[in-house]
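Residues per chain, in single letters:
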Amino acid sequence: MPCPGLGLKGVKALAGALRINQNVTVLRLADNAIPDEGVAELMRTLLDNTSITLLDISGNRMGPVGSKALADLLVSRVRRVVGEAAGQGQGAAWNGMYE
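To keep things clear, this report deals only with the structure shown in the data block. None of these values were measured; they are calculated from a predicted model. Each chain carries its own residue numbering, running from 1 in the direction its sequence is written. Given that this is a predicted model, residues contribute local features only at a pLDDT of at least 70 and side-chain atom pairs are listed and counted only at 80 or more, while totals for whole chains, interfaces and linings are drawn from all residues. Hydrogens and water molecules were not included; the side-chain quantities draw on all heavy atoms of the structure.

1. Here's the deal with the environment of Ala33
(1) Moving on: Runs of H or I in DSSP of at least four residues are treated as helices and runs of E of at least two as strands, each being numbered from the N terminus. Mapping Ala33 onto the fold places it in the loop between strand 1 (26-28) and helix 2 (36-48).
(2) Moving on: Think of it in three bands: with a 1.4 Å probe and only protein chains considered, a residue is buried below 20% of the maximum accessible area for its type, exposed above 50%, and partly exposed in between. For Ala33, a relative accessible area of 24% translates into the label partly exposed.
(3) Moving on: Through-space distance from the C-alpha of Ala33 to that of Leu6 is 6.3 Å; in sequence the pair is 27 residues apart.
(4) Moving on: Contacts are residue-level and defined by heavy atoms, with any inter-residue pair within 4.5 Å sufficient. Once residues within four sequence positions are removed from consideration, Ala33 is found in contact with Pro4, Gly7, Asn60 and Arg61.

Structure (structure tokens):
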């Protein structure tokens, strides 16, 4: 019998947990029947949870709302990394590490 996946209700519960738990680094949520609004909810949550370094949301039902939220998350992360590299953010301590 196929698993119905997380769906909207499950991803909302997961998003709530990720607001509290900042120690999770990997989220593999492929093929979990997450609808567009669930993807958007998860992406908005990840704007504040910066510990996630690997995210797999392939095979879900992401539409325009989830796609926009994912784009916003990616832009936010790029700005954070660029700011840190320029010495303007929390990661300024690693600025010369790879030189």
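2. Comments concerning the nonpolar core
A general trend in soluble globular proteins is that nonpolar side chains are found buried together.
(1) Moving on: Residues enter a nonpolar core if they are buried and are Ala, Val, Leu, Ile, Met, Phe, Trp, Tyr or Cys, with the set joined through side-chain atoms within 4.5 Å. One finds Leu27, Leu29, Leu42, Met43, Leu46 and Ile57 to be the most contacted residues of the largest nonpolar core, which totals 14 residues.
(2) Moving on: Of all the secondary structure elements, the ones that give two or more residues to this core are helix 1 (7-20), helix 2 and helix 3 (64-85).
(3) Moving on: Filtering out sequence-adjacent residues up to four positions away, Leu27 remains in contact with Leu14, Leu18, Leu42, Leu46, Ile52, Leu54, Leu55 and Asp56.

3. Here's the deal with the packing of helix 1 against helix 2
(1) Moving on: Helix 2 packs onto helix 1 with a crossing angle of 5° between their chain directions and a minimal axis gap of 9 Å. It follows from the interaxial angle that helix 1 and helix 2 lie roughly parallel. Residues Leu8, Val11, Lys12, Ala15, Leu18 and Arg19 of helix 1 form the contact with helix 2, whose own contacting residues are Glu37, Gly38, Glu41, Leu42, Thr45 and Leu46.
(2) Moving on: We call Asp, Glu, Lys and Arg charged. Ala, Val, Leu, Ile, Met, Phe, Trp, Tyr, Cys and Pro are nonpolar, and the rest, Gly among them, are polar. Of the residues that constitute the contact of helix 1 with helix 2, the class distribution is 6 nonpolar, 2 polar and 4 charged. Working convention: axes come from line fits to C-alpha atoms, limited for helices to the stretch in contact. Angles between N-to-C directions cover 0 to 180 degrees. For classification, angles of less than 35 degrees are called roughly parallel, those exceeding 145 degrees roughly antiparallel, those between 65 and 115 degrees roughly perpendicular, and all remaining angles oblique.

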